[in-house]
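# Breakdown of the fold
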Amino acid sequence: MTISPRYNFLPGTEITLMRRPMVVTGITETGYSMVGIEDGVSTVVTFDRLIDHLKLPGARIDAAPATTGDCLKLRLDGYTSVDALANPEQRALARFHAAMCEAVDIYIALQQEENPTFKPSIRALGKDKARDFIAKQTTLLLGVPVRTKCARGGEKTNGRILYQGRTIMDHYRKYMALQQEEDTAGYGAQEALAPLWHKRGNRTPRLCLRVRELMTEAWEMIGLDIKKTGISNVMDQLEILIHEENRGRKRNDLPPLMVPSERTLGLHRDMLVTPTEYMIATEGKRETKRKRGRGSTDVRALTIGELCGMDEQKISMVASAKHKGFWHTLSQDEKGAYEAADEYIRKRLHFLILYDVASRMPLAWIITENPNAEATLALLRMATRDKTREERRYGCMNKAAQACGVQFLRNDNGTGLRNRAVIGALMGLDSINGITRTYSPTDRAHDERFFGTPESRFFKVMPGYTGRRPGDIPGYDAIKNGVVDVEMLYGMLTRYLVDEYPFERNYGVGMGGRRPWDVYEGINRTRGQVKVPDPNVRRVHLGWEVSATPTDDGIRVFGGIWFNSDQLQVAREENIFNGKVKVFVDPDDLRLATVVMPGEPDLIEVDLQMTVFADMTLGEVLQLMAEYRREDPEVTEIYHDRLMEVKTRRFADISSISVEHDLPRSYTTIEECKAMAKAVFAGARVVRSKTLPGTTSPDAITKTGQDAGAFEIGGGASVIDGTVNEKPVAPDSAPCDQGSDDKLGERHDVHPEAGPVAAPSHKAPTNKTPAKLVRPTNIKELK
């Protein structure tokens, strides 16, 4: 069983617990009664809780008695320690005096061993023997040579000259008085023996109170303005105020007030407000928080890929970029225009970086003309893939950071970084996208600081450097010296980020002067890194999407790159799919691609069928195909003329063979086709479609003869509105010629006699000849 100690704190003792300053007011049976200095709230801290709180960092107890502890503080005019004094010579003298008094203690102890009645005095300490001994001991204690005499002939010395007996005795008396105090034995010797140089001079104010009031009024009216007015503007306002004040003083027979200098006016401002308060008044709260806000000195990440930073910066140099460097991103019209004008252009490019916070290793870097979503996706692809191609292509001596996943990515509000495509891709890769606040660089101090090193170490020494700000290097013509093309610039930047930057000492938070490459290897051995995303998922969210139709030969994308696999063909057979599918290709690695087929739940992985493109990027393949098709216009014209000549000769030979052997033609002319069409269609009979069983044709309803499919409706007579034709109908003639071309499409609206509706008779027709009627003319439609 442990017993909590109970301290006898005097009332008024200041105690800081959990960053809350409090004052002890008394001791109760359960604990200590305390009152908060800032909020005035009374609390009781139990004895056990006080012991627990004292173990935490930040706990402080100020129990120095007023007669001793505050005495030294009062002597130094508020300074608690000698180290807080601004004058370095004053601090050095305090240490010298304390060491000299300790040497006097040693000397007195040795003398009292020989003569117990020995007492220090001015005469005893002023002897040469005593001074020599004190000087040697002070040298050993102080570490600075101390001499008893000055150098000859005005020779300069780095040591100190020991005082005479009177001065030594004065300092020793102060030292002994401090040692006799009960609670300060052996403490505060330097504070008691330090010279009070900081109190020198005339401390009385030389400006009257009214002038200071007018200076304060001038600063409030003019100086503390968001327009950032200068001291000269405040000085003008102060002169006006003092002039108005002097007019009233003159009427009252008072002496006029003097206008202070601008330096005095500036010092008065520093007395009124702090630098942070003045910045808030002149630049606003947001800008002050951005410039003077507190950062974080905590270790943000412990695993590679756990926290990554991504940012973009405009390169401070003019580069000469060949148009073919951006060939695969241009349209056909732009390609034609650029191909015709083979020249260099001057561009201000952008530098994109993605790096790991735990090891400070760069994971990906991109140089782009426009910082957009495509450039950011290329940056993410580079971070999540192997960078052996860059190492071999640009001749790097060391290895770059391996492919890793991104668990938390932190970026700002740049349009190229924060957009729908990038955020959607990060969500698909199971990455957390953190958007930091605008005008808050403390949220991403690591990201902003990373650009400082490449700016000062790499870009500043390159030809075409424009400086950090406009007019930074006025004597240097950056446009004239911008002769580095994009390919060369990217190669040099790659070698710097692979071979130089990882092996330089880094003194950032958590690095402690270690090299990023050593930290990277140490984390890989101990804690590892975030796993790489699935290749198919990575291609779906970061790759280029193409729609294509699968065939037995596979899928063709970008005009001539074929992919195929057994899984794709099996999916086609099982799903009986005949439409387009989506193909996702990694432009940096064409060996594999991913297919998303409607109706197929799993992603389909297909292999590159053209092995000649296995070690090439998509941009290199498209550029190679463009180079294959590129041809000199003069050569193209020559080839065209030769082809036309050969084709003309071949057709002439064919015509001569036909004439010589009297061969019939295998073709017809347009006039012959028209004549043959007239002969074919002249007198042609259009055959009607066959009547279905149990039905009759529409024109048979109005016939007067008997028809097997037409029946009379009703038994009574009906009236037909029309005029009777006097000409009788021939017996052998049919009521309606079904084969006549004149009757095609003619509508017959003649209705038979109407009567009561009767059921149709199913008896066989009789041989009774029906009465012959005259066909009516001018038929009108019955209503």
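As shown above, the structure is provided for reference.
Everything numeric in this text was worked out from a predicted model, so none of it was measured.

Right, let's get into the overall build of the protein. Counting secondary structure elements, the protein contains 26 helices and 22 strands. Within the protein, the fraction of its 783 residues that count as buried is 34%. Residue pairs at least 24 apart in sequence account for 65% of intrachain contacts in the protein once pairs closer than 6 positions are excluded. Carbon and sulfur atoms make up 53% of the accessible area of the protein, which amounts to about 50300 Å² in all.

Before going further, it helps to spend a moment on unusual backbone geometry. Among all residues except glycine, the phi angle is most often negative; among peptide bonds, the trans geometry is most common. Even without being glycine, K228 reaches a positive phi, approximately 60 degrees. Overall, the relative accessible area of 52% leaves K228 in the exposed class. With a phi angle near 60 degrees, D253 is a residue other than glycine that sits in the positive phi range. Judged by its relative accessible area of 71%, D253 falls in the exposed class.

One pass over the structure, following the stated rule, counts 18 aromatic pairs. Judged by centre distance (6.0 Å) and plane angle (35 degrees), the ring pair of F503 and W517 falls under tilted. Separated by 14 residues along the polypeptide, F503 in the loop between α20 (486-500) and α21 (516-526) and W517 in helix α21 bring together distant segments of the chain. W517 sits in the buried class, given a relative accessible area of 15%. Seen from the ring of F96, R160 lies directly overhead, with NZ or CZ sitting 5.9 Å from the centre. For R269, the ring lying beneath its charged end belongs to Y278, and the centroid distance is 4.7 Å.

The 5 strands are arranged β4-β3-β2-β1-β5 in an open sheet whose pairing can be described as antiparallel. Single-partner strands in this sheet number two, and they are β4 (42-46) and β5 (60-62). Averaged over all adjacent pairs, the angle separating strand axes in this sheet is 35 degrees, with direction ignored. Inspection of the sheet shows strand β1 (residues 14-17) paired to strand β2 (residues 20-27) by 4 bridges, in the antiparallel sense. Bridge pairing in β2 links E14 to V23.

This brings us to the pairing of strand β14 (residues 432-435). Pairing between strand β13 (residues 408-411) and β14: 4 bridges, direction parallel. Its bridge partner lying in β14, F408 is registered against I432. After leaving β13, the chain enters helix α16 (residues 420-428) and then returns to the sheet as β14, a path that is right-handed.

Attention shifts here to the nonpolar core. Counting residues in hydrophobic clusters, the biggest one holds 62 residues, and the most contacted among them are F351, L354, W365, L380, F459 and L489. Elements represented by at least two residues in this core include exactly β8 (308-314), β11 (350-356), β12 (362-368), α14 (373-383), α16, α20 and α21. Ignoring anything within four residues of it in the chain, the contact list for F459 reads I315, M317, F351, P454, Y465, L489 and L493. Judged by nonpolar contacts, the second largest core, of 26 residues, contains F118, I134, I168 and Y175.

A word on the pattern of salt bridges. Scanning the entire structure with this criterion turns up 23 salt bridges. E487 is the salt-bridge partner of R393, the closest N and O atoms lying 3.0 Å from each other. Placement of the pair is R393 in helix α15 (residues 388-393) and E487 in helix α20, with a sequence separation of 94 residues. Salt bridges sharing common partners tie together K228, E283, E287 and K291.

Bringing the sheet that holds strand β16 (residues 555-557) into the picture now. Ordered in space as β15-β18-β19-β20-β17-β16, the 6 strands form an open sheet in which the pairing is antiparallel. Across the chains shown, the open sheet's two edge strands, defined by having one partner strand only, are β15 (544-548) and β16. Across the sheet, the mean angle separating the axes of adjacent strands is 35 degrees when strand polarity is ignored. With 5 bridges connecting them, β15 and strand β18 (residues 581-586) associate as antiparallel partners. Within β18, the residue paired with E545 across the bridge is F584. Running over the sheet, helix α22 (residues 535-542) touches β15, β18, β19 (589-596) and β20 (604-608) and is turned about 85 degrees from β19.

So, about helix α5 (residues 128-142). Taking 1.5 Å per residue as the helical rise, α5 with its 15 residues ought to reach 21 Å, and the 20 Å between its terminal C-alpha atoms agrees with that figure. Within the sequence span of α5, burial applies to A130, R131, I134, A135, Q137 and T138. Phi turns positive, to about 85 degrees, at G143, one or two residues after α5.

Let's shift gears to a negative patch on the surface. A contiguous patch of negative charge on the surface is contributed by E631, D632, E634, E637, D641 and E645. With respect to the secondary-structure elements, E634 resides in helix α25 (residues 633-660).

This part is about the packing of α14 against α16. For the pair α14 and α16, the least separation of the axes is 9 Å and the interaxial angle reads 25 degrees. It follows that α14 is roughly parallel to α16 by the angle criterion. Contacts from A373, T376, L377 and L380 in α14 reach A421, V422, A425 and L426 in α16. Grouping the constituent residues of the contact of α14 with α16 by class yields 7 nonpolar, 1 polar and no charged.

Turning to the environment of R437, a few remarks are in order. Take R437: it is sitting in the loop between β14 and α17 (445-450). For the pair R437 and N413, spaced 24 residues apart in the sequence, the C-alpha separation amounts to 7.8 Å. The contacts of R437, once residues within four sequence positions are left out, are K289, N413 and D443.

Definitions and limits used
- Residues numbered from 1 in each chain as written.
- Predicted model: local features only at pLDDT ≥ 70, side-chain atom pairs only at ≥ 80, totals over all residues.
- Heavy atoms only, no water.
- Helix = DSSP H or I, 4+ residues; strand = E, 2+ residues; numbered from the N terminus.
- Buried < 20%, exposed > 50% of the residue type's maximum accessible area, 1.4 Å probe, protein only.
- Contact = heavy atoms within 4.5 Å.
- Areas by Shrake-Rupley, 256 points an atom, 1.4 Å probe, with all protein chains shown as cover.
- Phe/Tyr/Trp six-rings, centres within 6.5 Å; stacked < 30°, edge-to-face > 60°.
- Lys NZ or Arg CZ within 6 Å of the ring centre and 35° of its normal.
- Pairing = 2+ DSSP bridges.
- Axes fitted to C-alpha atoms, helices over the stretch in contact; angles between N-to-C directions.
- Right-handed = clockwise from strand over helix to strand, strands pointing away.
- Core = buried A, V, L, I, M, F, W, Y, C linked by side-chain atoms within 4.5 Å.
- Salt bridge = Lys/Arg side-chain N within 4 Å of Asp/Glu carboxyl O.
- Expected span 1.5 Å × (residues − 1).
- Patch = residues over 30% accessible without salt bridge, like charges linked within 9 Å, V, L, I, M, F, W, Y side chains within 5 Å.
- Lys, Arg positive; Asp, Glu negative; His and termini not counted.
- Charge placed at Lys NZ, Arg CZ, Asp CG, Glu CD.
- Parallel < 35°, antiparallel > 145°, perpendicular 65-115°, else oblique.
- Nonpolar A, V, L, I, M, F, W, Y, C, P; charged D, E, K, R; others polar.

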